[in-house]
Amino acid sequence: MVTGNHRRQSVVEPRLKTLHKLLVTGTFAIIFALANSSTATAQKSKVQPADTVLLNAKVYTENTQHAWAHAVAIRGEKIVAVGEDADIEKLRGQGTKVIEAGGKLVLPGFVDCHIHFLEGSISLGQANLEGAKNPSDIQRILREYAEKHPGHGWILGGGWNYAMFGEENLPHKKYLDGLFPDRPVFLVGYDGHTSWANSKALSLAGIDKDTPNPPNGAIVRDPKTGEATGALKESAGSLVGKLAPKPTREEKLAALRAGMRWANENGLTRVHSAGGDFEAFDLYDELRRRGDLTLRMYIAYFLDPPELRPRDLAAIEAARKKYTGDWLSAGVVKTMIDGVVESHTAAMLEPYSDDPSTKGKLFWDLDKYRAAVAELDKRGLQLFTHAIGDYAVRTALDAYENAEKVNHTRDRRPRIEHIETVTAADIPRFGKLGVIASMQPLHAYPDEDTLRVWAGNVGPDRASRAWAWNSIAKAGGHLAFGSDWNVVTLNPWEGLQMAVTRQTREGKPEGGWLPQQRITLAQAVEGYTLGAAYAGRREKTEGSIEPGKLADLIIVSQNIFEIDPHEIAKTKVVETIVGGRVVFQAKAK
Ligand SMILES: [Zn+2]
């Protein structure tokens, strides 16, 4: 990275050398011309102009020393000054681009700390069932999708949730078979943990009454006939999913471009990938080489149980060596130690309230998980552990505590992803152990799926500590926010509103769901900016609007600090700047 100072030296020094050479040869006319230009350089270097100045803004810097400013100057990829309009005006030269913010709010670029970017990007071109209320809504969306995508090919999509099926809580092939008797349909649930196939797709996969359940998965069967219903839990989904046509390299690149546009349009400047992108590193690298990346990517290696193998380590280390820049980097490992509450696959300390026969179970053997964590920690790698049940959360905390002890390491910032339930005793351990709580506010969205299915499964005691972001923060824990796109929308404005209201868009329930877990807007913004940068070990170069940091910032349509919190989700991004370059600009109305 070229800072202002370095650049000045590198320009002036060679010129002096040339001057010396010319003096020796005695070519007067040229000396005169050079002397003039060198004086000009010297004058300019007193106040070297910025490449871009952003004026007349309300800049929320996320810098505790100077929380607010009015203007920002950018040179190259970095912020060089933050202050009042008059100060920044001084850095305006002939070639300086001026962005007049019209008094609008400017924030550090937002980070999504938990995303499945390639998958989400591909889903932009598939059937999206998000927002459907019931099976007939779903059928309408699928019918429309099929009209736009005619033929006999697969219908792929996702975004359905358990509550859409009423008391049944699970999808069924009967809703698909009438519409699509000959066309295979495969629809992944919003949480990615349960899939839904029609009879055509089941038969292509050879699934019948006698097909055994795969490890860590279940083919849901009719209790009377034993026939597969079309609902496939966890790994059983891939029995069908693996048959679906895979996008080509060009299709993936096109999807990633569309995904980046969508992310920039929502104000994101960096994402932390929690799975599905490591295998696509070369695609991201191709985009980077062409200068087409408009979103910074921190990409985790997805480590599957049952153990950490030498070939996992080889892949992790090779990527860490190869991808080290501000745009594309590795050095982080994601693993899952349990599933989700809705399908009783999240690992609990006590049995589920609606089904006392099960507590869920860990996906890993306890000792193997602990050993893997210790080994990865020893190597200085960061860890993301998916843990949703209170037993899984405790297991991850224990493993991180053990790793620090045996390796004598500090400030590794291991993370737990999701943390939907947690015991009261484990809440202070986040702060004490320096474990980052990576949470997704919209997962706590208090709709029927959450209040009836989720809360019914865990029961009232565990539900009283559901998504306990305020308790964790109050006890000194660091929060990092994200979406888990395409589980829910990557729109962080909806996430912000949820974090501060704990209500649906319609303001339900009145008073908020567990209002004691609300946080302030400043805390929520931090979770998407400086807290997120800290959670990705980049707070020294990103996360706030300060001189020396990367120029990643956004201009937004309304001052979220001055409005009714129920209006935050309506915020629109006007302009997104990444590394000093405008990567998104809203169309003027
Ligand atoms: Zn995820």
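Refer to the structure printed above.
These numbers come from a predicted model, not from an experiment.

## With respect to the pattern of salt bridges
Tallied over the full model, the rule gives 33 salt bridges. Here Glu494 ties to Arg505 by a salt bridge, and the two come within 2.5 Å at their closest N and O atoms. Of the two residues, Glu494 sits in helix 17 (residues 492-501) while Arg505 sits in the loop between helix 17 and helix 18 (521-528), which places them eleven residues apart along the sequence. A relative accessible area of 18% places Glu494 in the buried class. With its nearest N and O atoms 3.0 Å apart, the salt bridge here joins Glu567 to Lys570. Each of Glu317, Arg320, Glu375, Lys378 and Arg379 takes part in a single network of salt bridges with overlapping partners.

## Some words on the nonpolar core
In terms of nonpolar packing, the biggest core is built from 133 residues, with Phe117, Tyr284, Ile416, Phe430, Trp469 and Leu496 touching the most fellow members. Of the residues forming this core, the biggest block, seven residues, is contributed by helix 13 (residues 390-407). Those residues in contact with Phe117 that sit more than four places away from it in its chain are Leu256, Gly259, Met260, Ala263, Val271, Asp277, Tyr284, Leu295, Met297 and Trp485. The next biggest cluster of nonpolar side chains, apart from the first, holds 15 residues, and it includes Leu54, Ile74, Ala101 and Ala551.

## Focus: the coordination of the zinc ion
The zinc ion binds to the protein through His114 (NE2), His116 (NE2) and Asp484 (OD); the donor distances cover 2.1 Å. Spacing between the donor residues of the zinc ion along their common chain follows H-x1-H-x367-D. Here His114, found in strand 8 (residues 110-115), pairs with Asp484, found in the loop between strand 23 (479-481) and helix 17; they are 370 residues apart in sequence, far enough to count as distant. Like Asp484, His114 is buried.

## A short note on the layout of surface pockets
Taken as a whole, the second largest pocket encloses approximately 810 Å³ of empty space. As for the second largest pocket, its lining consists of 33 residues, of which Gly131, Asn161, Tyr445, Asp447 and Asp449 are closest to the centre. For the lining of the second largest pocket, the element with the most residues is helix 15 (residues 448-463), which contributes four residues. Residue composition of the lining of the second largest pocket, by class: twelve nonpolar, ten polar and eleven charged.

## As for the environment of Tyr352
With respect to the helices, strands and loops of the structure, Tyr352 is situated in the loop between strand 19 (332-336) and helix 12 (366-378). Residue classification places Tyr352 among the buried residues on the basis of a relative accessible area of 1%. Separated by 105 residues in sequence, Tyr352 and Asn457 place their C-alpha atoms 5.8 Å apart. Not counting residues up to four positions away in its chain, the partners in contact with Tyr352 are Val340, Val341, His344, Thr345, Ala346, Thr358, Lys359, Gly360, Asn457 and Arg462.

## Here's the deal with the packing of aromatic side chains
Tallying each qualifying case throughout the model produces 22 aromatic pairs. On the basis of an interplanar angle of 85 degrees and a centroid distance of 4.9 Å, the ring pair of Phe278 and Tyr301 is categorised as edge-to-face. Here Phe278, found in the loop between strand 15 (268-273) and helix 10 (281-289), pairs with Tyr301, found in strand 17 (residues 301-303); they are 23 residues apart in sequence, far enough to count as distant. Among the residues examined, Tyr301 registers a relative accessible area of 11% and is labelled buried. A centroid spacing of 6.2 Å and a plane angle of 75 degrees characterise the contact between Tyr298 and Phe384, whose relative ring orientation is edge-to-face. Of this pair, Tyr298 sits in strand 16 (residues 296-299) while Phe384 is found in strand 20 (residues 382-387), placing the two residues 86 residues apart along the sequence. An aromatic cluster of at least three residues, connected via ring pairs, comprises Trp160, Tyr162, Phe165, Tyr175, Tyr190 and Trp196. Above the face of the Phe384 ring, Arg415 is positioned so that its terminal group lies 3.7 Å from the ring centre. Taking NZ or CZ as reference, Arg502 lies 4.6 Å from the ring centre of Trp469, over its face.

About the cut-offs
Residues numbered from 1 in each chain as written. Predicted model: local features only at pLDDT ≥ 70, side-chain atom pairs only at ≥ 80, totals over all residues. Heavy atoms only, no water. Salt bridge = Lys/Arg side-chain N within 4 Å of Asp/Glu carboxyl O. Helix = DSSP H or I, 4+ residues; strand = E, 2+ residues; numbered from the N terminus. Buried < 20%, exposed > 50% of the residue type's maximum accessible area, 1.4 Å probe, protein only. Core = buried A, V, L, I, M, F, W, Y, C linked by side-chain atoms within 4.5 Å. Contact = heavy atoms within 4.5 Å. Donors = N, O, S within 2.8 Å, 3.2 Å for Na, K, Ca; no water. 1 Å grid on protein atoms, 1.4 Å probe; cavity = no way out; pocket = protein on both sides within 12 Å on 5 of 7 lines; lining within 4 Å. Points joined across faces, edges and corners; volume = space filled by probe spheres on them. Nonpolar A, V, L, I, M, F, W, Y, C, P; charged D, E, K, R; others polar. Phe/Tyr/Trp six-rings, centres within 6.5 Å; stacked < 30°, edge-to-face > 60°. Lys NZ or Arg CZ within 6 Å of the ring centre and 35° of its normal.

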